[in-house]
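# Per-entry structural report
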Amino acid sequence: DSYDLLYKAKEVSTILTAEKKVDDTSGSAYETEFTFTLKDKDGETLDTQSRLGPGSVEFAPIEYEKAGTYTYTIQETAGDAAGYIYDTTEYTVEVTVTDVDGELQATAIYAVDESGEGKDSLTMTNTYDPKDAEVFLKATKVVEDKTGGASGKTFKFELRNSSGELIETVSRVAGGPVEFSKLTFSKVGEYKFTIQEVKGSDKGYTYDTDPREVTVT
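First, a word on scope: everything that follows refers to the structure included in this document. (Residues numbered from 1 in each chain as written. Predicted model: local features only at pLDDT ≥ 70, side-chain atom pairs only at ≥ 80, totals over all residues. Heavy atoms only, no water.)

## Quick word on the layout of surface pockets
- Looking at the largest pocket, its volume works out to about 680 Å³.
- Of all elements in the fold, only strand 13 (138-141), strand 14 (154-161) and strand 18 (191-197) reach the threshold of two or more residues within the lining of the largest pocket.
- A class-by-class count of the residues in the lining of the largest pocket yields nine nonpolar, six polar and nine charged. (1 Å grid on protein atoms, 1.4 Å probe; cavity = no way out; pocket = protein on both sides within 12 Å on 5 of 7 lines; lining within 4 Å. Points joined across faces, edges and corners; volume = space filled by probe spheres on them. Helix = DSSP H or I, 4+ residues; strand = E, 2+ residues; numbered from the N terminus. Nonpolar A, V, L, I, M, F, W, Y, C, P; charged D, E, K, R; others polar.)

## So, the pattern of salt bridges
- Within the structure shown, the criterion is met by nine salt bridges.
- Of the charged contacts in the structure, one is a salt bridge between Glu 76 and Lys 20, with a shortest N-O distance of 2.6 Å. Taken together, the positions of Glu 76 in strand 7 (residues 68-76) and Lys 20 in strand 2 (residues 17-24) put the pair 56 residues apart, joining distant regions of the chain.
- The class for Glu 76 is buried, based on a relative accessible area of 2%.
- What makes Lys 20 buried here is its relative accessible area of 1%. (Salt bridge = Lys/Arg side-chain N within 4 Å of Asp/Glu carboxyl O. Buried < 20%, exposed > 50% of the residue type's maximum accessible area, 1.4 Å probe, protein only.)

## Some words on the environment of Asp 42
- Along the chain, the position of Asp 42 falls in the loop between strand 3 (33-40) and strand 4 (45-52).
- Asp 42 sits 29 residues away from Thr 71 along the chain, and the two C-alpha atoms are 9.1 Å apart.

## Description of the sheet that holds strand 7
- If you walk across this open sheet you meet the five strands as 4-3-7-9-10, and the pairing is antiparallel. The open sheet terminates on both sides in strands that have one partner only, identified here as strand 4 and strand 10 (103-109). Shown here is a sheet whose adjacent strand axes are inclined to one another by a mean of 25 degrees, direction ignored. (Pairing = 2+ DSSP bridges. Axes fitted to C-alpha atoms, helices over the stretch in contact; angles between N-to-C directions.)

## So, the packing of aromatic side chains
- A full pass over the atoms with the stated rule returns 12 aromatic pairs.
- Ring centres 5.5 Å apart and planes at 85 degrees place the aromatic pair Tyr 30 and Tyr 128 in the edge-to-face group. Within this pair, whereas Tyr 30 is found in the loop between strand 2 and strand 3, its partner Tyr 128 is found in strand 11 (residues 123-128), the two being separated by 98 residues in sequence.
- Arranged with centres 6.3 Å apart and planes meeting at 40 degrees, the rings of Tyr 84 and Tyr 86 form a pair that is tilted.
- With relative accessibility at 10%, the residue Tyr 84 sits in the buried group.
- Its relative accessible area of 14% is what places Tyr 86 among the buried residues.
- Every member of this aromatic cluster is reached through a ring pair, and the members are Tyr 30, Phe 34, Tyr 84, Tyr 86 and Tyr 128.
- Across from the ring centre of Phe 34, 5.5 Å away, lies the NZ or CZ of Lys 20, which sits over that ring.
- In this arrangement the basic side chain of Lys 141 is found over the ring face of Phe 155, its NZ or CZ atom lying 5.0 Å from the centre. (Phe/Tyr/Trp six-rings, centres within 6.5 Å; stacked < 30°, edge-to-face > 60°. Lys NZ or Arg CZ within 6 Å of the ring centre and 35° of its normal.)

Next comes the structure, spelled out in structure tokens:
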């Protein structure tokens, strides 16, 4: 008599994952939904997952009945949230399934490059970089002419930051508006400045040299 023997190793499943990070250049990133797609080597979508803000992404389990090497891709879908730059790189993932004493075991390698090297995990980083805020600091120079004989003298004004560092000096003739150059802010916060008139030497003038504090939020 002859007997046919059937060999079948115990099946295994694996869950492919990714970590979503956000590089917040301004300190003001808001939560928005990110979407990720898992595809097989032929480009067929196996699963799509979404999450709100940074954190872990898990795709549906994949079952394996045979030993071998299986190739996938993970890619984030480009969104349209204002200020966000999306990492839409298509990352290659290789799952190696081996038969160990009648039991299948699966090992995933992420972000596999052309040389076959990869990592144990996958991190996808988006950047939040909103448009910088802009402001022009202004003042008004008033000349009180008590005799009616004041002439058009030149007055100078300094703008300094909270550390006392000089940012800019501007001048104007006689009284009127004083405007400094545009200031640009890339991070959320409170910024303090001082505007102060430079004491001149013109006879008959009493200069207002008291510093004025300005806060920009």
